[in-house]
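Overview (structure and organization)
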Amino acid sequence: MLSPKNKAITELVLCGAIWGYGFIAVNAALEFFGPMWINNLRNFMAAAVALPVVFLIPKFRAKFTLPLFLAAGAPGTALALALVFQTWGMKYTSVTKSGFITTLYVLFVPIGMALVHKHRISIWHWAYVLLALLGTALMCNFEWNGDGWNKGDALVLIAAILMAVQFLLIDRTASKFNAPFLFNTAQTVWGFLVTLPFALLLEGTSLNLSRLGLSAWAMMGFLAWISTLLAFGVQVDAQKHLPPSTTSLLCLLESPFAAVFAVVFLSESQSVTQWIGGFMILGAAAGVSLLTIQPQH
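Within the protein, the regular secondary structure consists of 14 helices and zero strands. Helices and strands in the protein line up, N terminus first, as α-α-α-α-α-α-α-α-α-α-α-α-α-α. Relative to a compact globule of 297 residues, whose C-alpha radius of gyration would be 19 Å, the protein shows 19 Å and is just as compact. Principal-axis analysis of the C-alpha atoms places the extent of the protein at approximately 45 × 45 × 35 Å. Counting only residues that meet the buried cut, the protein has 55% of its 297 residues in that class. Counting contacts in the protein only where the partners sit at least 6 residues apart, residues at least 24 apart contribute 90% of the total. With an accessible surface of roughly 13,200 Å², the protein has 71% of that area assigned to carbon and sulfur atoms. Between the centroid of the 15 positive side chains of the protein and the centroid of its 10 negative side chains there is a distance of 15 Å.

Structure follows, in structure tokens:
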């Protein structure tokens, strides 16, 4: 039997694989939808499955309260905006690079904890953060003369900042409600509500559901039900047992997974230096996991 911390770590590794493949799904969906509609539909489809479950099961219906729904508003909005910027950025940069720029939120989470929550981060944790950031730089082949940076990279960087905000908001609010599935359901509703006006205003004429094939709907189904409903629900549950700085480092695993999936499904090629960077990120995630499960003295 796994301890709650070890169970949370195992679940987040699985989430890393799911979110890693999510980059492939988004890349495919961009052939049919704009960034706003992708994220509006993924939240709508997730909520369309989750809400009937909530209202048909009495114990869920009793816990799906107005305070819970309102508490999910801020993190749900931050998550929705983060996914929009990440998807928008992927129109201009590669899957692999997008995945690893996203990991920069690992730098912002402990800084936010220190500033907002007055949490102290151990020197070893900061060391793993630096290792992960160096690995990210290698993975993205950063060239500070401007040749290695483009509009898409900047948009994904904004997404990374918003993801850090969402982690911190989850830490402040989700722990008050012993209902990860319900909290994440509320997040999907907020994600749908927040993105709908922008999708209608900015991409209203780009949505043509009649021309979509089975593969497009399969990718949207994966994004809605596996990546959004399942994986983000697991994240909410895991953060009840792990600090957000630890959770954010473990979620770094989505980027190496994204890189592997990009090679397999999109034939993106990576250099030896990029793979070294990926293994550095894996090492940082493993290191912080060991810090987390060690007994505290």
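So much for the structure itself; the text now carries on.
What follows is about the packing of aromatic side chains. By the definition in use, this model includes twelve aromatic pairs. Plain terms: the ring middles of F85 and W88 are 5.9 Å apart, the flat faces sit at 35° to each other, and that makes the pair tilted. Placement of both F85 and W88 in helix 5 (residues 73-89) is noted, with a separation of three residues, approximately one turn of the helix. Classification of F85 as partly exposed rests on a relative accessible area of 22%. Given a relative accessible area of 32%, W88 falls into the partly exposed group. For the ring pair F261 and F265, a centre distance of 6.1 Å and an interplane angle of 50° mean the geometry is tilted. Of the two residues, F261 and F265 are both situated in helix 13 (residues 254-266); the distance of four residues between them amounts to about one turn of the helix. Judged by relative accessible area, F261 falls into the buried class, the value being 19%. Look at F265 and you get partly exposed, because its relative accessible area is 47%. Through pairs of rings, three or more aromatic residues link up here, namely Y21, F222, F257, F261 and F265.

Looking now at the pattern of salt bridges. Counted according to the given criterion, the structure contains two salt bridges. E11 serves as the salt-bridge partner of K7, at 2.6 Å between the closest nitrogen and oxygen. One end of the pair, K7, and the other, E11, are both in helix 1 (residues 4-29), four residues apart, so they sit about a helical turn from each other. For K7, a relative accessible area of 40% puts it in the partly exposed group. Between K97 and D153 there is a salt bridge; the shortest N-O distance is 3.1 Å. Of this pair, K97 sits in helix 6 (residues 95-102) while D153 sits in helix 9 (residues 151-173), and the two are 56 residues apart along the sequence. Using a relative accessible area of 14% as the deciding quantity, one classes K97 as buried. The buried category is assigned to D153, whose relative accessible area is 0%.

By size, the foremost hydrophobic cluster in this structure holds 70 residues, and its most contacted members are F33, I38, Y105, V106, V109, M220 and L249. Looking at this core element by element, the count peaks at eleven residues for helix 1. With sequence-adjacent residues up to four places away left out, I38 is seen in contact with V26, A29, L30, F33, T87, M220 and L223.

Before going further, it helps to examine the packing of helix 2 (residues 35-56) against helix 11 (residues 214-238). Their axes nearest at 8 Å, the elements helix 2 and helix 11 cross at an angle of 65°. Where helix 2 crosses over helix 11, the handedness of that crossing is right-handed. Contacts between helix 2 and helix 11 involve I38, L41, R42, N43, M45, A46, V49 and A50 from the former and W217, M220, G221, L223, A224, W225, S227, T228, L229 and F232 from the latter.

When we look at burial in helix 13, the residues that qualify are E254, S255, P256, A258, A259, F261 and A262. Looking at the residues trailing helix 13, positive phi occurs at S267, about 60°.

By rolling a water-sized probe across the atoms, one finds the places where empty space is left. For the coordinates displayed, the defined rule picks out three cavities of 30 Å³ or more. Its volume calculated, the largest cavity comes out at about 210 Å³. Lining the largest cavity are 18 residues; nearest its centre among them are W19, L83, M163, F232 and E254. When contributions to the lining of the largest cavity are tallied by element, the ones reaching two or more residues are helix 1, helix 5, helix 9 and helix 11. Its residues assigned to classes, the lining of the largest cavity comprises eleven nonpolar, five polar and two charged. Within this model, the second largest cavity holds a volume of roughly 40 Å³. Lining the second largest cavity, in full, are N43, G76, L79, A80, L83, Q187, G191 and T228. For the lining of the second largest cavity, the secondary structure elements donating two or more residues are helix 5 and helix 10 (180-203).

About the thresholds
Residues numbered from 1 in each chain as written. Predicted model: local features only at pLDDT ≥ 70, side-chain atom pairs only at ≥ 80, totals over all residues. Heavy atoms only, no water. Helix = DSSP H or I, 4+ residues; strand = E, 2+ residues; numbered from the N terminus. Rg over C-alpha atoms; globule rule 2.2 N^0.38 Å. Buried < 20%, exposed > 50% of the residue type's maximum accessible area, 1.4 Å probe, protein only. Contact = heavy atoms within 4.5 Å. Areas by Shrake-Rupley, 256 points an atom, 1.4 Å probe, with all protein chains shown as cover. Lys, Arg positive; Asp, Glu negative; His and termini not counted. Charge placed at Lys NZ, Arg CZ, Asp CG, Glu CD. Phe/Tyr/Trp six-rings, centres within 6.5 Å; stacked < 30°, edge-to-face > 60°. Salt bridge = Lys/Arg side-chain N within 4 Å of Asp/Glu carboxyl O. Core = buried A, V, L, I, M, F, W, Y, C linked by side-chain atoms within 4.5 Å. Axes fitted to C-alpha atoms, helices over the stretch in contact; angles between N-to-C directions. Left-handed = near helix turned anticlockwise from the far one by under 90°. 1 Å grid on protein atoms, 1.4 Å probe; cavity = no way out; pocket = protein on both sides within 12 Å on 5 of 7 lines; lining within 4 Å. Points joined across faces, edges and corners; volume = space filled by probe spheres on them. Nonpolar A, V, L, I, M, F, W, Y, C, P; charged D, E, K, R; others polar.

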